[in-house]
Amino acid sequence: MILVNGFHKSPEDIGKIVVTGTVIDVESKLPMGYVTVLEEGTKTGTVTNSKGVYRITVDSRATLVFSFIGYQTVMKKVRGKSKIDIKLFPHTERLEEIAVLQNETAADASGIDRSKVSVGYAMRSQFVNGAPVLDQFMTDVPLQLKPLGLGLKYNQSGETYKEIEENGFHVPWKDPLSTFSIDVDAASYSNVRRYISQGQLPPKDAIKIEEMINYFDYDYQGPRGKHPFAVHHEVSTAPWNSKHKLVHIGLQGQRIAMDNLPASNLVFLIDVSGSMRSPNKLPLLKSAFKLLTQQLRKQDRVAIVVYAGSAGEVLESTPGNEKQKIKDAIDNLNAGGSTAGGAGIQLAYKIAKKNFIEGGNNRVILATDGDFNVGASSDKAMEDLIEERRRGGVFLTVLGFGTGNYKDSKMEILADKGNGNHAYIDNILEAKKVLIKEFGGTLFTIAKDVKLQVEFNPATVQAYRLIGYENRKLAAEDFNNDKKDAGELGSGHSVTALYEVIPTGIDSDFRPVDDLKYQTNEPKPISSNTEDLLTVKLRYKAPDGDKSTLLEEVVAKKVTGWNRVSNDFQWSGVVAAFGMLLRDSDYIQEMDYQKALKLAKESKGPDVEGYRAEFIKLVETAELLSQDR
């Protein structure tokens, strides 16, 4: 030991300094959790906690490396300073490069195996009642530790998800028709990303495979005729079972230029109850709505309604070019009180009706964690109100925020009843994706009550199953019933659906039903047509229409090899496989995380925004997390 200023210190402690600070997003001014902080050239590192705070012991002459997916990496010399605050800038050009840089920079800086570096590493955390308290400082330790969540459990019992029973196989000579409503929601993917990035595999019922698939853009050609969308289809081998085939059906909605979109009458309905205090709730919500405000035009109008213990209008309907007035009203919002969601929705619809624009986009945008726990209205009464206003031309979009008490099941129902979509905003980049990049699709409907009905040919199909859409299935007779509500398609939106098919003559491990004992097991007489695999029928209505239009497409049984199908087909198949792995699907045969990762890298294709690169990192992290399942 060496005596320094009256204290005994080991040689390795001399020249060391404890550095603390906060990392924030420069645009939203919000603290950033799970940012990787490394001492360059060493194996010492930590991550910020949920308040953006870090604490690390390093050499007083060291350089700190701050990195996070989707943000520019920052390197800062310590120079003996004990407090260093950092602002990270979102990378506005190519997220895919940053997604790689975030991990490669960390690995290069520390000299460790890059395969050991992933999203969301845990250092050490305090525990209360067996659950980690991430608001405590995380101490500095080598990065060869397990990712956050391996062996750890979060207390997220307040979150609710509707139970999903995975679709099974059907025999076409008994059940030839598969009918469902389209789903353009992508909330499940960003929610799954949130779980994995925080070091925990998501609960099964949070994983909606169709929403994971539909999160991504696909290079479908737009419509050329009189219909507002085009239909595309391909058939190849299922990547998780070489005996089975995969049918890919894609819809591409018409893209309408911003200048040509109809005027909007919007009401921002914002939850400011006490449950919204967390940084990833109201503060993130305010930043998101200010981004949306930037997209508004002079002909658009916005009112703001808030609700907590009671509901009130904090901004009367205001022209979209008065942006500062709108932003000031947003900035003045504060959280507190209980949640009278029913009263807020009633007031928002009243204001939307008062400022109704004929032929325009009349919409309430609800932003909440979904915790409607106080109010005179029951859930059923609230849903009835939303349906009634929908029939009057006012639609509903639902944006979810936060963790811990997120009510996914309730928010999905509200969006469905309101002819709108449901998105989950887990960070400012997702807010940009939903409210800027996909502005038209999020807020402008080009077709409503869009339904698909697929008829399978028993001469060529032994059995089939729809992948995902468990919550969107309809009775066969609902297809022709124009009174039956279904999903909406927004400007520029695409929708993808996948079917797993067992061809006739294949000896598969999956037998939908056993042979019958008291009647013949022979199938009914079938068509002599052995060229068709299936027929796709679609119905849709104009946004202000009451009568549906029918489209029909025949899909031949011709199978294209996996390496020759489109990148769109391959990518959607890999995303479906990943969702099935996360759900521990009964139908996964020849698939594991390593194979999914390999196929994802091979099929990534053009990735200007970097969302596919981010997906690849999620697969890598999920594989590590699954080892401790």
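Keep in mind the model is a prediction, meaning the values are calculated, not measured.

**Q** Help me understand the overall build of the chain in this model?
**A** A tally of helices and strands in the chain yields 13 helices and 27 strands. Per-residue burial for the chain yields a buried fraction of 57% across its 629 residues. For the chain, restricting intrachain contacts to residue pairs at least 6 apart in sequence, the fraction spanning at least 24 positions comes to 76%. Here the chain displays about 26300 Å² of accessible surface, and carbon together with sulfur accounts for 47% of that area.

**Q** Help me understand the packing of helix H4 (residues 282-294) against helix H9 (residues 428-437) in this model?
**A** Each pair of packed helices can be summarised by the angle the axes make with each other and by the distance between the axes. Contact geometry of H4 with H9 gives a least axis separation of 9 Å together with a crossing angle of 35°. Helix-helix and strand crossings are classified by hand; for H4 and H9 the assignment is right-handed. Each of Leu 284, Ser 287, Ala 288, Leu 291 and Leu 292 in H4 lies in contact with H9, whose residues at this interface are Ile 428, Ala 431, Lys 432, Leu 435 and Ile 436. Residue composition of the contact of H4 with H9, by class: 8 nonpolar, 1 polar and 1 charged.

**Q** Explanation requested: the layout of surface pockets in the structure shown.
**A** Taking a probe equal in size to a water molecule and rolling it over the atoms shows the remaining empty space. Volume-wise, the second largest pocket comes out at about 860 Å³. Along the walls of the second largest pocket sit 41 residues, with Asp 217, Tyr 218, Lys 437, Glu 438 and Gly 492 positioned nearest its centre. Taken together, the elements giving at least two residues each to the lining of the second largest pocket come down to strand E21 (422-425), H9, helix H10 (439-443), helix H11 (567-582) and helix H13 (611-626). Here the lining of the second largest pocket is composed, by residue class, of 16 nonpolar, 13 polar and 12 charged.

**Q** Please clarify how unusual backbone geometry should be interpreted in this entry.
**A** Trans peptide bonds make up most of the peptide bonds, and negative phi angles are found at most residues other than glycine. Not every positive phi belongs to a glycine, and Arg 79 is a case in point at roughly 50°. Considering the arrangement of structural elements, one finds Arg 79 in the loop between strand E8 (74-77) and strand E9 (86-88).

**Q** Sorry if this is basic, but what is going on with the nonpolar core here?
**A** Most often, soluble globular proteins keep nonpolar side chains buried together rather than apart. Membership of the largest hydrophobic core comes to 54 residues, with the highest contact counts inside it found for Phe 268 and Ile 304. The dominant element in this core, judged by the number of residues it contributes, is H4, at 7 residues. Dropping the residues within four chain positions of it, Ile 304 is found in contact with Phe 268, Ile 270, Gly 312, Glu 313, Val 314, Leu 315, Ile 326, Ala 329 and Ile 330. Formed by 49 residues, the second largest nonpolar core is a distinct cluster that contains Ile 467, Val 565, Ala 577 and Ala 600.

**Q** It is not clear to me how the packing of aromatic side chains should be interpreted in this structure. Could you clarify?
**A** Working definition: an aromatic ring pair is given by the centre-to-centre distance plus the angle between the planes. Counted under the stated rule, the structure contains 25 aromatic pairs. Centre to centre, the rings of Phe 216 and Phe 615 are 5.8 Å apart; their planes meet at 90°, and the pair counts as edge-to-face. One end of the pair, Phe 216, is in the loop between helix H3 (209-213) and strand E14 (229-238); the other, Phe 615, is in helix H13, with 399 residues separating them in the sequence. Exposure remark for Phe 216: the relative accessible area of 3% places this residue in the buried category. An aromatic cluster of three or more residues is present, and its members are Tyr 189, Tyr 215, Phe 216, Trp 571, Phe 578, Tyr 593, Tyr 611 and Phe 615.

**Q** Sorry if this is basic, but what is going on with the pattern of salt bridges here?
**A** For side chains bearing opposite charge, pairing can occur when the charged atoms are close. Taken as a whole and judged by the stated rule, the model has 26 salt bridges. The partner of Lys 541 in a salt bridge is Asp 449, and the shortest N-O contact between them spans 3.0 Å. Separated by 92 residues along the polypeptide, Lys 541 in strand E26 (residues 532-541) and Asp 449 in strand E22 (residues 445-456) bring together distant segments of the chain. Close ionic contact of Glu 602 with Lys 598 constitutes a salt bridge, the shortest N to O distance being 2.6 Å.

**Q** Help me understand empty space enclosed by the protein in this model?
**A** Within this structure, the stated rule accounts for 3 cavities of 30 Å³ or more. Estimated volume of the largest cavity: approximately 70 Å³. If you go around the largest cavity, you meet 14 residues; those closest to its centre are Asn 421, Gly 441, Thr 445, Glu 488 and Gly 490. For the lining of the largest cavity, the class distribution of residues is 4 nonpolar, 8 polar and 2 charged.

**Q** Whenever I open this one, the sheet that holds strand E15 (residues 241-253) confuses me. Can you help?
**A** Two pairing modes exist for strands in a sheet, parallel and antiparallel, and in both the strands are linked by backbone hydrogen bonds. On the basis of which strands lie adjacent, the open sheet formed by 4 strands has the order E14-E15-E25-E23 and antiparallel pairing. Both edges of this open sheet fall to E14 and strand E23 (461-467), since each of them pairs with a single strand only. Averaged over all pairs of adjacent strands, the angle between their axes in this sheet comes to 20°, without regard to strand direction. For E23 and strand E25 (residues 494-503), the ladder comprises 6 bridges, and the chain directions are antiparallel. Paired with Ala 463 across the two strands is Ile 502, which belongs to E25. Strands E14, E15, E23 and E25 of the sheet are contacted by H11, whose axis makes an angle of about 115° with E15.

**Q** Would you mind showing me how to read the side chain of His 422 here?
**A** Following the sequence through the fold, His 422 ends up in strand E21. Residue classification places His 422 among the buried residues on the basis of a relative accessible area of 1%. Within the structure, His 422 has its side chain in polar contact with the side chain of Tyr 406 (distance 3.0 Å). Not counting residues within four places of it along the chain, the set of residues in contact with His 422 comprises Asp 185, Ala 186, Ala 187, Val 398, Tyr 406, Asp 408, Met 411, Glu 412 and Ala 415.

**Q** Where do I start with the pairing of strand E19 (residues 361-368) in this structure?
**A** Taken residue by residue, a regular strand's side chains alternate between the two faces of the sheet. Judged by how many residues are buried, E19 sits mostly within the fold: 8 of 8 residues are covered. Residues Asn 361, Arg 363, Ile 365 and Ala 367 point to one face of E19 and Asn 362, Val 364, Leu 366 and Thr 368 to the other, with burial holding for every one of them. Alignment of strand E16 (residues 264-271) against E19, held across 7 bridges, turns out to be parallel. Looking at the pairing, Phe 268 lines up with Ile 365 of E19. Judged from the 6 bridges that link them, E19 and strand E20 (residues 395-401) form a sheet pairing that is parallel.

**Q** Can you walk me through a positive patch on the surface in this structure?
**A** A contiguous patch of positive charge, built from Lys 76, Lys 77, Arg 79 and Lys 81, is present on the exposed surface. Assignment of secondary structure puts Lys 81 in the loop between E8 and E9. Classification of Lys 81 as partly exposed rests on a relative accessible area of 45%.

**Q** Mind showing me how you'd approach the packing of helix H12 (residues 593-603) against H13 here?
**A** It is the contact of H12 with H13, at a shortest axis distance of 10 Å, that shows an interaxial angle of 170°. What the angle tells us is that H12 and H13 run roughly antiparallel. Across from Tyr 593, Gln 594, Ala 596, Leu 597, Ala 600, Lys 601 and Ser 603 in H12, the residues of H13 making contact are Arg 612, Phe 615, Ile 616, Val 619, Glu 620, Ala 622, Glu 623 and Ser 626. Looking at the contact of H12 with H13, its residues break down into 8 nonpolar, 3 polar and 4 charged.

**Q** Is there a simple way to think about the sheet that holds E21 in this case?
**A** Strands sit in the order E18-E17-E16-E19-E20-E21 across an open sheet of 6 strands; the sheet is mixed. Two strands lie at the open edges of the sheet, namely strand E18 (311-319) and E21, each paired on one side alone. Each strand axis lies, on average, 20° off the axis of its neighbour in the sheet, ignoring direction. Sheet strands touched by helix H8 (residues 408-417): E19, E20 and E21. Its angle to E20, the strand with the most contacts, is close to 160°.

**Q** Please clarify how H11 should be interpreted in this entry.
**A** It helps to recall that an α-helix has 3.6 residues per turn; residues three or four apart then point in one direction. Its 16 residues give H11 an end-to-end C-alpha distance of 23 Å, which sits within 8% of 22 Å, the value for a rise of 1.5 Å per residue. Among the 16 residues in H11, 15 count as buried, and that is most of the element. With its phi angle positive at about 55°, Asp 584 sits one or two positions after the end of H11.

Definitions and limits used
- Residues numbered from 1 in each chain as written.
- Predicted model: local features only at pLDDT ≥ 70, side-chain atom pairs only at ≥ 80, totals over all residues.
- Heavy atoms only, no water.
- Helix = DSSP H or I, 4+ residues; strand = E, 2+ residues; numbered from the N terminus.
- Buried < 20%, exposed > 50% of the residue type's maximum accessible area, 1.4 Å probe, protein only.
- Contact = heavy atoms within 4.5 Å.
- Areas by Shrake-Rupley, 256 points an atom, 1.4 Å probe, with all protein chains shown as cover.
- Axes fitted to C-alpha atoms, helices over the stretch in contact; angles between N-to-C directions.
- Left-handed = near helix turned anticlockwise from the far one by under 90°.
- Nonpolar A, V, L, I, M, F, W, Y, C, P; charged D, E, K, R; others polar.
- 1 Å grid on protein atoms, 1.4 Å probe; cavity = no way out; pocket = protein on both sides within 12 Å on 5 of 7 lines; lining within 4 Å.
- Points joined across faces, edges and corners; volume = space filled by probe spheres on them.
- Core = buried A, V, L, I, M, F, W, Y, C linked by side-chain atoms within 4.5 Å.
- Phe/Tyr/Trp six-rings, centres within 6.5 Å; stacked < 30°, edge-to-face > 60°.
- Salt bridge = Lys/Arg side-chain N within 4 Å of Asp/Glu carboxyl O.
- Pairing = 2+ DSSP bridges.
- Polar contact = N/O pair within 3.5 Å; in protein donor to acceptor, adjacent residues only side chain to side chain.
- Patch = residues over 30% accessible without salt bridge, like charges linked within 9 Å, V, L, I, M, F, W, Y side chains within 5 Å.
- Lys, Arg positive; Asp, Glu negative; His and termini not counted.
- Charge placed at Lys NZ, Arg CZ, Asp CG, Glu CD.
- Parallel < 35°, antiparallel > 145°, perpendicular 65-115°, else oblique.
- Expected span 1.5 Å × (residues − 1).

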